[in-house]
Amino acid sequence: MEGAREEKLTSVSSLVTVFENCRTPGAGPKAHQQEEVPHCSGGRPPPLPGPWEKPDMEVAPAAQPRTVSRRYLSSLKNKLSGGAWRKSCQPGTCPGPETQEPEKRIVQELLETEQAYVARLHLLDQVFFQELLREARSSKAFPEDVVRLIFSNISSIHQFHAQFFLPELQRRLDDWAATPRIGDVIQKLAPFLKMYSEYVKNFERAAELLAAWTDKSPPFQEVITRIQSSEASGNLSLQHHMLEPVQRIPRYELLLRDYVQKLPAQAPDRADAQKALDMIFSAAQHSNAAIAEMERLQDLWEVYQRLGLEDDIVDPSNALLREGPVLKISFRRNDPMERYLFLFNNMLLYCMPKVIQVGAHFQVRTRIDVAGMKVRALTDPEFPHSFLVSGKQRTLELQARSQEEMISWLQACQAAIDQVEKRNETFKAAVQGPEGGLQEPQLQSEELGLRAPQWVRDKMVTMCMRCREPFNALTRRRHHCRACGYVVCARCSEYRAELKYNANRPSRVCLDCYAFLTGCVLPGDKDRRPGILEKGSSAGSGQSLLCSFLQLSGDKWGRSGSRGWCVIPQDDPLVLYVYAAPQDTRAHTSIPLLGYQVTAGPQGDPRLFQLQQSGQLYTFKADSEELRDRWVKAMERAAQGWGPGDPDAGDLCN
């Protein structure tokens, strides 16, 4: 309860800050000489200056109206934020005259401040509001809608207090001897205080409109200046008067809390007064919710402006969960590219910062729906702190700036996914009913065409992942299958199929995906028995005893390259397969390890080791001594004929 009160006070104090920046233009330095710092009197702060106060005789008639002073606003904000408005007004902290019952004195003060407040509301509604409306209708210098937006529902608030709340308080105090209680009166009328939420929600917008039209329209400014200079205005600005409704509900809570504390334990009004206090707090919470909603919409609008106000993303029901820069890992380029993410409750926007930020700051490249989205961390030594976002529209490999930032993105995305899934489950349960009439279709293990695949990076393969022919820059170039993400050659990807995630547009797919998606069986080499080297490195790496890159030294390797992806598979633990790239489907070399001797390499580099048998010599170089020791251990076991199920085989998996 106390946390909620502190949140409410913070929201109110933030609104007070708005008026520090929106004071009436033209108010000179002399306007701030009369400071209005509230002081504790009789246990409660005095009411704000009202229209019943006469202007200071020392102020010249032509002087500008006094605006809300900086010291007053600072004092008010500190009291609301820090709880000083309660602590300084506890019973007994501020001595005062005790000429009558303390609870009646509080009710008397409540009535007096209500009379002053109704006078202030009359000034806002019947003077400022009506005069500006008449000027707008007669001169057409500014729209009537602007005036109505500035004053919001001030007429309803004025009518409620003038015709209902104040008369009820007056009657109860006049009949105090017979009915010494006010809890029942406030209980009856407190629910109507929730109308303040509309006024508070419009508060900041009203301040902006008031400042803008004061500068833009001389007739508008003339009407306000004339009223502000009148005796009824108390030489205070319109902004100062408009602040009064924002302060009123906290003032009710303060006075009623003091009233409950002063009541005797057995007072007949104690239960009703406590319940009335809870209702006043509920009304304050209602206004606080309106403030939070106003702030959310304002923040959301600022984000939409940075995104260019595109029609398909602007939705006031959205909630921004997280935003920030990331690096996009390219499947063609070696260096990552700078990108920016906006995570909403229903979508993830993948954006590119604009070089010339005129208007929109970002260009939306891809929108990924949270429904059906999956995220997971990637273990890529070349790109640390990387993670995968897989959605129906697109799959992205991204890199965060730190491990903590990557975890934060994963948690935020997963929380949004869980929320959507929970909402969908609730909807399905509601449709299904108690008897379970709705049967969810069985999900297929294959999601080809339903969601964007993760593309294999170009440098991870050196041959077509379908026909296993090596790529070259002229006659056999790299292409990507839009269904599975494999890197394939032109001959293996000359087919077109409609993909659901791509709005059912015909897209380039490989032969295997084409057959699966369309059901058309084309002649091919499916019945051909795979060769001894045709063992996919990606499958071997996922189920291997040990796999990593090794430097290949010596003339024995010939043109096969100076660096290879080496794998000892679990299903073939006595053979070493050497691939040109981790995703290749065919090894360029296989070495049966049984009978080989594993020896240290030439002196000078402890990361070298060799395989030797009957004149065959293979030299390898690991990236570290620790990795070299693991390879030596694995090859020695394989050379002696030990498999993964043998005793003392150990765990060599990388």
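Structural notes, computed from the coordinates. (Residues numbered from 1 in each chain as written. Predicted model: local features only at pLDDT ≥ 70, side-chain atom pairs only at ≥ 80, totals over all residues. Heavy atoms only, no water.)

Quick notes on the overall build of the chain
When helices and strands are counted, the chain shows 16 helices and 18 strands. Buried positions account for 44% of the 654 residues belonging to the chain. Contacts spanning at least 24 positions in sequence make up 62% of the contacts within the chain whose residues lie at least 6 apart. If you sum the accessible surface of the chain, you get close to 33,300 Å²; carbon and sulfur atoms cover 51% of it. (Helix = DSSP H or I, 4+ residues; strand = E, 2+ residues; numbered from the N terminus. Buried < 20%, exposed > 50% of the residue type's maximum accessible area, 1.4 Å probe, protein only. Contact = heavy atoms within 4.5 Å. Areas by Shrake-Rupley, 256 points an atom, 1.4 Å probe, with all protein chains shown as cover.)

Let's talk about a nonpolar patch on the surface
Together, Trp-301, Leu-309 and Val-314 make up a nonpolar patch on the protein surface, roughly 250 Å² of accessible area in all. Residue placement: Trp-301 occurs in helix α12 (residues 270–306). Take Trp-301: its relative accessible area is 42%, and that puts it in the partly exposed class. (Patch = residues over 30% accessible without salt bridge, like charges linked within 9 Å, V, L, I, M, F, W, Y side chains within 5 Å. Salt bridge = Lys/Arg side-chain N within 4 Å of Asp/Glu carboxyl O.)

Let's talk about helix α9 (residues 203–216)
Residue pairs spaced three or four apart in an α-helix point in one direction, given the helix's 3.6 residues per turn. Taking 1.5 Å of rise per residue, 14 residues should cover 20 Å, and α9 covers 20 Å from first to last C-alpha, within 8% of that figure. Along α9, the residues that are buried comprise Phe-203, Glu-204, Ala-206, Ala-207, Leu-209, Leu-210, Trp-213 and Thr-214. (Expected span 1.5 Å × (residues − 1).)

Notes on the sheet that holds strand β2 (residues 337–344)
For sheets, the rule is that strands pair by backbone hydrogen bonds, running either parallel or antiparallel. Strand order across the open sheet formed by seven strands is β4-β3-β2-β1-β7-β6-β5, with antiparallel pairing between neighbours. A strand with exactly one partner marks an edge of an open sheet, and here the two such strands are β4 (362–369) and β5 (374–377). Each strand axis lies, on average, 30° off the axis of its neighbour in the sheet, ignoring direction. Where strand β3 (residues 347–353) meets β4, seven bridges bridge the pair, whose relative direction is antiparallel. The residue bridging Tyr-350 from the neighbouring strand is Thr-366, located in β4. Running at roughly 145° to β2, α12 makes contact with β1 (320–328), β2 and β4 of the sheet. (Pairing = 2+ DSSP bridges. Axes fitted to C-alpha atoms, helices over the stretch in contact; angles between N-to-C directions.)

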